[in-house]
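Survey of secondary and tertiary structure
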Amino acid sequence: MDVSLQARAEQLAGEIASEAKTAEDVNQLMRLMLKSTLERMLNTEMDVHLGRKATTPDSDVGAGDIPVSSEPSSPSGKRASNRRNGRSRKTVHGDMGEITIATPRDRSGTFEPQLIGKHQRRLPGFDEKILALYAKGMTTRDIQEIVHELYDVEVSATLISEITADLDAEVTAWRTRPLEPVWPIVYFDGIVVHVRGEGRRVSQHTVYVAIGVNLEGRKELLGLWLGETEGAKFWLACLTDMKNRGLRDIFVACIDGLSGFAEAIHAAYPQASVQLCIVHLVRAALRYVSTQDSKAVIAGLKNIYQSATALEAEQSLEDFAKAWDAKYPTITKMWRAKWTDIITLFDFPPPIRRAIYTTNAIESINSVIRKFTRNRKIYPNEESALKIVYMAINEASKKWTMPIHHWKAALNHFAILYEDRMPDLTSK
């Protein structure tokens, strides 16, 4: 802060301290100061609009009155055609509660205030504070209580609903935005939420999430969809939506072990390679394993997916079967049934393998979603669930500023492996 401003702030603080007796007195004085400051700034905007030097507003001029300040003259000595035309009073909401301000008007009606727009009813920054609390998963009642505790301001449930409703257009525009035609890697997953539907019946819904890695190696959320169950049929609809928005090609699609999902991907993107998440496969295997055997089983499975080649991986799977089939036959059977989509990673060199062998990139997003949604056991409707998840991921994506590890090496291999499908990066 500028030294002179700091000194002035301390002076004002001293004046407020000498006048105020209670916390409410401080709030009241601060509201009056804010009101006066806003009106002075709006008055300055009007002066600029009318082409005259800034003037000090006459505090005695009421709404609808014409100020007595002199009008600017034209070169011919005549008054300019446009001039002040009194003020309009409006109430705005902010951190300090409701404040009624007088906004200057001009006779021609061409004045468009920038500080507080004609139809703006909330002060800058206020919406962001409410939305930040909303994004944390807080209910309307939670937000009302926190705003009251922090600012001693009463915020109505209707006002909060109006602020959060403004998100609808933003979310809709985001969900229908065009996508780049080529995404080297796309991770898919779903997270279960509880939504109240018709007849106030609460049911499980799945928020489907797709996160892509673009040609620069940076992650980006591609889409959010909500369905009552997580199934391959619904995933096909999600894939078709992305295709309709311009996504023409995926090099590698990383998925969990959902039955029929790989087939859905091949239907929408026939050239895409599918890689099952190894971490999901290991977790699924451990459901059948006793605690005392878990470390040994994990070591055996690690020998499979950390092999140098697909042939070596097949031999490691045989060795695992000989060691554990007598006790846990389901594991080998499960891995063999999905073997084609497990060994995709062996088609690629280590830099790409490290990027595709797990959907941890999306698992970390799911943990963010759970953190933001844990205060909401039940969502009142589907739109509310989507808005919260969108805001949670939007908050998390602020950290996606760097390419994923070893991306340059991976991109070079992609350029060789998919030479005929790779966009020309020299024009970007």
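Residues numbered from 1 in each chain as written. Predicted model: local features only at pLDDT ≥ 70, side-chain atom pairs only at ≥ 80, totals over all residues. Heavy atoms only, no water.

A closer look at the confidence of the model for the chain
As a note on interpretation, predicted positions should not be read in detail where pLDDT is low. The test is simple: Residue-level confidence of the predictor is summarised by pLDDT, bounded by 0 at the bottom and 100 at the top. We call two residues contacting when some pair of their heavy atoms lies within 4.5 Å.
Predicted confidence across the chain gives a mean pLDDT of 79, with 74% of residues reaching 70 or more. Long-range and interchain partners of residues 56–79, a stretch whose pLDDT sits below 50, account for 40 contacts in this model, where long-range means more than four residues apart.

Digging into the environment of Gly227
Short version of the rule: Only DSSP runs of H or I covering at least 4 residues are called helices, and only runs of E covering at least 2 are called strands; the numbering of each starts at the N terminus.
Looking at the secondary structure, you find Gly227 in strand β5 (residues 219–227). For the pair Gly227 and Thr206, spaced 21 residues apart in sequence, the C-alpha to C-alpha distance is 5.3 Å. The contact partners of Gly227, leaving out residues within four places of it in the chain, are His205, Thr206, Tyr208 and Phe234.

Thoughts on the packing of helix α10 (residues 310–324) against helix α11 (residues 329–337)
Where we set the bar: Angles shown run from 0 to 180 degrees and are taken between the N-to-C directions of axes, each axis being a line fitted to C-alpha atoms and, for helices, limited to the stretch in contact. The cut-offs work like this: below 35 degrees is roughly parallel, past 145 is roughly antiparallel, 65 to 115 is roughly perpendicular, and the gaps in between are oblique. What makes a crossing left-handed is the near helix being turned counterclockwise from the far one by less than a right angle; a clockwise turn instead makes it right-handed. Polarity classes work like this: nonpolar for Ala, Val, Leu, Ile, Met, Phe, Trp, Tyr, Cys and Pro, charged for Asp, Glu, Lys and Arg, and polar for all others, with Gly in that last group.
Put simply, α10 and α11 touch, their axes get as near as 9 Å, and they point 160° apart. The orientation of α10 relative to α11 falls into the category roughly antiparallel. Considering only the axes of α10 and α11, their crossing is left-handed. Across the interface between the two elements, Leu317, Glu318, Phe320, Ala321 and Trp324 of α10 pack against Pro329, Ile331, Thr332, Trp335 and Arg336 of α11. Per-class residue counts for the contact of α10 with α11 are 7 nonpolar, 1 polar and 2 charged.

Observations concerning helix α6 (residues 232–244)
As a reminder, the rule being used: To estimate the expected span of a helix, subtract one from its residue number and multiply by 1.5 Å. Partly exposed describes any residue whose relative accessible area lies between the buried limit of under 20% and the exposed limit of over 50%, with all areas from a 1.4 Å probe on protein chains only and scaled to the type maximum. Summarising the geometry, the arc corresponds to the directions from the helix axis toward the C-beta atoms.
The terminal C-alpha atoms of α6 lie 18 Å apart, and with 13 residues this matches the ideal 18 Å at 1.5 Å per residue to within 8%. For α6, the set of buried residues is Ala232, Trp235, Cys238, Leu239 and Met242. Along α6, the residues classed as buried sweep out an arc of 110° about the axis, all on the same side. In α6, the exposed positions that point more than 90 degrees away from the buried face belong to Lys233 and Asn244. If you follow the buried residues of α6, they end up packed against β3 (182–196), β4 (202–213), β5 and α7 (261–268). Immediately downstream of α6, the backbone of Gly246 shows phi near 115°, a positive value.

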